[in-house]
Amino acid sequence: MSIISLIIKREFVAKVRNKSFIVMTFLSPLLFVGIAAFVGYLSSMKAETKRIAIHDESGLFVNEFVSKNSDKSGYKYVDLSLIDAKFLKDSITNESYEGLLLIPKTTNVADLESKIQFISNDSPSISFIENVQSIVANKITNINLLEAKLDTEAIKNAQSKVNISLAKASGEQSVKGLNEIKIAIGGGFGYLIMMFIIIYGNMVMRSVIEEKTNRIIEIIISSVKPFQLMIGKIIGTSLAGILQFFIWAVIGLSLMFAASVFFGVNVGPTAKVSPEMMQQAQNEFAGPAQMYIKELWNLPIASILIGFVVYFIGGYFLYSSFYAAIGAAVDNQTDSQQFLLPIIMPLMLSVYVGFFSVMSDPHGTLAVVFSMIPLTSPIVMLMRIPFGVPLWQIAISVTLLFATFFSVVWFAAKIYRVGILMYGKKPTWKELYKWLKY
Amino acid sequence: MSTLLEVNKVVKQYGDYVALNEVSLSVPKGSIYGLLGPNGAGKTSLIRIINQITLPDSGEIILDGEKLQPKHVQYIGYLPEERGLYNSMKVGEQCLYLAQMKGLSKAEAKKQLNYWFERLEIQGWWNKKVQELSKGMAQKIQFVVCVLHKPKLLIFDEPFSGFDPVNANIIKDEILALREEGATIIFSTHRMESVEELCDHIALIHKSNKLIEGKLDDVKRNFKTNSFEVGILSDNVEGLMYDITQKFTVGPANFKSLSNELKLEIQLGNAMPNELLNVLTQRGQVTHFVEKIPSVNDIFIQTVSEK
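Residues numbered from 1 in each chain as written. Chains lettered and ligands numbered in written order. Predicted model: local features only at pLDDT ≥ 70, side-chain atom pairs only at ≥ 80, totals over all residues. Heavy atoms only, no water.

Chain B is annotated in an unreviewed UniProt entry as ABC-2 type transport system ATP-binding protein from Flavobacterium degerlachei. Its UniProt record, at the heading Sequence similarities (unreviewed entry), says of chain B: "Belongs to the ABC transporter superfamily." (UniProt positions renumbered as here; feature names shortened; annotations may be inferred.)

As recorded in an unreviewed UniProt entry, chain A goes by the name ABC-2 type transport system permease protein, listed as coming from Flavobacterium degerlachei. UniProt, in its Subcellular location (unreviewed entry) section for chain A, records the words "Cell membrane".

Laid out in structure tokens, this is it:
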């Protein structure tokens, strides 16, 4: 067995046997599902209906509001127009009303536009206010139309509702909301890479520090090259990580399935459609739901998955070499903070830049530039791929990523081989630079 | 005696600091070679270069007739001064891992491990985790790991630190046994009595330079001053002292004895010992007459403080 595979095996076994790994692997899906179930339970509870008192002296609007009571808006309007307004104002908050809507008496409805008041102790939600405003505005418009002797029915009929359907130049039909799905898929993969890098990069660093504090490093280094040890450590740790993600996926899916069955949610055919079935369904009814699913299948799935694997490997190795070098440079974890910040920053940046720039314009300058810079490309490019990226851009980005990766590994290995034998002092950036020349 | 390891004008610099300044050594096959020097002299730098942990800036190293190269790691066993093991790994697994890194097959490693565990009577430790062992116990494991692959060249950096006298003795015997089996041993320590006891060759490095190298006996011969320690019972001390000081330089001596004699250290200069004896026997009863041979400790201190 070659030495590197020996090291990979040891690192893998050491990680997997670790108690915290086992606990993390089996507990976090439970925790995750538990939280999801709890949130689901909370949101399934009926929100308390809030009662709103209406004092409508004009008498024009009260019916509009009361007629909305059957809506599931969570508000119930109560007509209190007969009670004195002043008395209502004083007592309204003592009663179990959320607020009081005061509409004054008027001869000219146009005056009402700025004279309606809502009185409450807590400030009401924006959506509630908008809702009230639109009810009032609608009614006033209707009254105005009537006064102008226009036929409201005819106007209603004359209004048109436009629903633009999206299509690609290639002629395929498209559905709205697909962009959100694309960004969710790309973002999901990008986020996964970031999480993986942070969690497992840290593990690589810890394991380097452990070898330093154990003082086993000099024994090992007398039989293998530091570079071999570093690469073996990075690969071994990542294999443990992949195993953990795999277990999570399996547990998560089965728990989700179990939960769906338990709560009687229909996972139904949409959850497990095959392309053939899709095609069939597509022929039978071309409803919007089917269109979405068809669109999902039309996404460049192969490039997304290949892209994920390539960028995952490139990004993870790039960053974990940094982590390994940092681990070698310091004696304990607290000292690592000053060096970690410059690593976490580009990761964070790429997630935020990714979400904002790609969402607004997947092929805009910002998105393109960030999908080329090696430190951010693994995440940003992955977010762009579902939108279709020209091959030459991917080629440049991957080349840059791997070129950087190799040079970073080279630098990291230099720092690593000097650092692992240095004890007792907290290095500065300047010293790290000096180590490169040893 | 042929040479196993030849260090040729090795230079190592860390930034502006020169850790080794054209150091040359030759370690004879089958010797126990004491590498001495005060803290920071450059011993560890040299040992790391021999182990190919770091590379020299210039100079070369010849092991058994070949220029030092990566495959040589399996011919070298190294017990570093700063040593440890993976705490959460089981002893047996860990030894297997480290042995395989030195190029042994798994089966061979297992065989050797069984032999050594039996020999050191530590069979029961196989499934223990290192964190359950005491420091001395862990040191024993490290020793086993170091010698397991039957290296031609063994490098021990302070091998006895952390051992109680009983275990230190066991390790010392093992080192001697390894030499009998043909291994060459480089031995770096500050404990001069063990150098005295074990080494047949020494080298002294001080401030990045090699100052002394050679057979221990030759080195001592170079450092001896032709002085003798004398114990004498005499009725006429004044007469005695008069006679001696005519010819020799005399100082007080301190050695253990049972009678209450006069103790002197006498420097002979160019004279022969019998000339002194002749003077002494005329004036009293000689109870003690020993040539003063410098200890390694004396040589060490003398050399280091001279520079």
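So much for the structure itself; the text now carries on.
S.K.: Just to check I follow, could you spell out the sheet that holds strand β5 (residues 66-67) of chain B for this structure?
M.R.: Through backbone hydrogen bonds, the strands of a sheet pair up, either in parallel or in antiparallel fashion. Residue and element names in this part refer to chain B. Taken together, four strands build an open sheet; the order of strands is β2-β1-β4-β5 and the sheet is antiparallel. If you trace the sheet from one side to the other, it starts and ends with β2 (17-28) and β5, each paired once. As paired elements, strand β1 (residues 3-14) and β2 share eight bridges and run antiparallel to each other. Each bridged residue has a counterpart across the sheet, and for Thr3 the counterpart in β2 is Pro28. (Pairing = 2+ DSSP bridges. Helix = DSSP H or I, 4+ residues; strand = E, 2+ residues; numbered from the N terminus.)

S.K.: Explain the UniProt feature "transmembrane region" (unreviewed entry) in chain A here, please?
M.R.: All names here are of chain A. Here, the residues flagged by UniProt with the feature "transmembrane region" (unreviewed entry) are residues 21-42, 183-204, 242-268, 296-319, 339-359, 366-385 and 391-413. As a span, residues 21-42 carries 100% helix and 0% strand, and end to end its C-alpha atoms are 31 Å apart. Between the C-alpha atoms that bound residues 366-385 the distance is 15 Å, and the span itself is 65% helix and 0% strand.

S.K.: Help me understand the interface of chain B and chain A, please; the structure alone is not making it clear to me.
M.R.: Quoted interface sizes are often the accessible area lost when the parts come together. Residue-level contacts link 29 residues of chain B with 24 residues of chain A. A combined buried area of about 2500 Å² lies between chain B and chain A, and 57% of that area is made up of carbon and sulfur atoms. It is B:Ile53, B:Tyr86 and B:Met101 that lose the most area in chain B upon contact with chain A, and together they represent 28% of the buried surface on that side. Remark: the boundary between chain B and chain A carries three salt bridges. Here B:Glu93 and A:Arg17 are joined by a salt bridge, their closest N and O atoms 3.0 Å apart. The interface formed by chain B and chain A holds ten residue pairs in polar contact (both at pLDDT 80 or more) in total. (Contact = heavy atoms within 4.5 Å. Buried area = accessible area lost by both parts, 1.4 Å probe. Salt bridge = Lys/Arg side-chain N within 4 Å of Asp/Glu carboxyl O. Polar contact = N/O pair within 3.5 Å; in protein donor to acceptor, adjacent residues only side chain to side chain.)

S.K.: Looking at this structure, I do not really get the pairing of strand β11 (residues 227-233) of chain B. What am I missing?
M.R.: Walk down a regular strand and you will see the side chains alternate between the two sheet faces. Residue and element names in this part refer to chain B. Taken across its seven residues, β11 has six buried, putting it largely inside the fold. Relative to strand β13 (residues 262-267), β11 runs antiparallel, the two being bridged by six bridges. Bridge pairing in β13 places Ser227 opposite Gln267. Taken together, the six bridges between β11 and strand β14 (residues 285-291) define a ladder with antiparallel strand orientation. (Buried < 20%, exposed > 50% of the residue type's maximum accessible area, 1.4 Å probe, protein only.)

S.K.: Even after reading the chapter, I still don't get unusual backbone geometry, so can you show me in this structure?
M.R.: Residue A:Arg215 is not a glycine yet carries a positive backbone phi of 65 degrees. Within the fold, A:Arg215 resides in the loop between α7 (178-214) and α8 (217-221). A positive phi angle is found at B:Asp64, which is not glycine, with a value near 50 degrees. Summarising the element assignment, B:Asp64 is placed in the loop between β4 (58-63) and β5.

S.K.: What exactly am I supposed to notice about the packing of aromatic side chains here?
M.R.: Two aromatic rings are characterised by how far apart their centres lie and by the angle between their planes. Enumeration according to the criterion identifies 24 aromatic pairs over all chains in this entry. Between A:Phe312 and A:Tyr316, the aromatic rings sit 6.2 Å apart at their centres with planes inclined by 10 degrees, giving stacked as the arrangement. On the criterion of helical spacing, the pair formed by A:Phe312 and A:Tyr316 is a turn pair, its members being four residues apart in helix α13 (residues 301-329). The two residues A:Phe312 and A:Tyr316 agree in class, both being buried. Centroid distance A:Phe405 to A:Phe406: 4.8 Å. Interplanar angle 45 degrees. Geometry classified as tilted. With relative accessibility at 55%, the residue A:Phe406 sits in the exposed group. Taken together, the ring pairs connect A:Phe189, A:Phe196, A:Tyr200, A:Phe245, A:Trp248, A:Phe308, A:Phe312, A:Tyr316, A:Phe317, A:Phe402, A:Phe405 and A:Phe406 into an aromatic cluster. Positioned above the aromatic ring of B:Tyr97, the side-chain terminus of A:Arg10 is 5.7 Å from the ring centre. Its end group placed over the ring of B:Phe255, B:Lys263 keeps NZ or CZ at 5.3 Å from the ring centre. (Phe/Tyr/Trp six-rings, centres within 6.5 Å; stacked < 30°, edge-to-face > 60°. Lys NZ or Arg CZ within 6 Å of the ring centre and 35° of its normal.)

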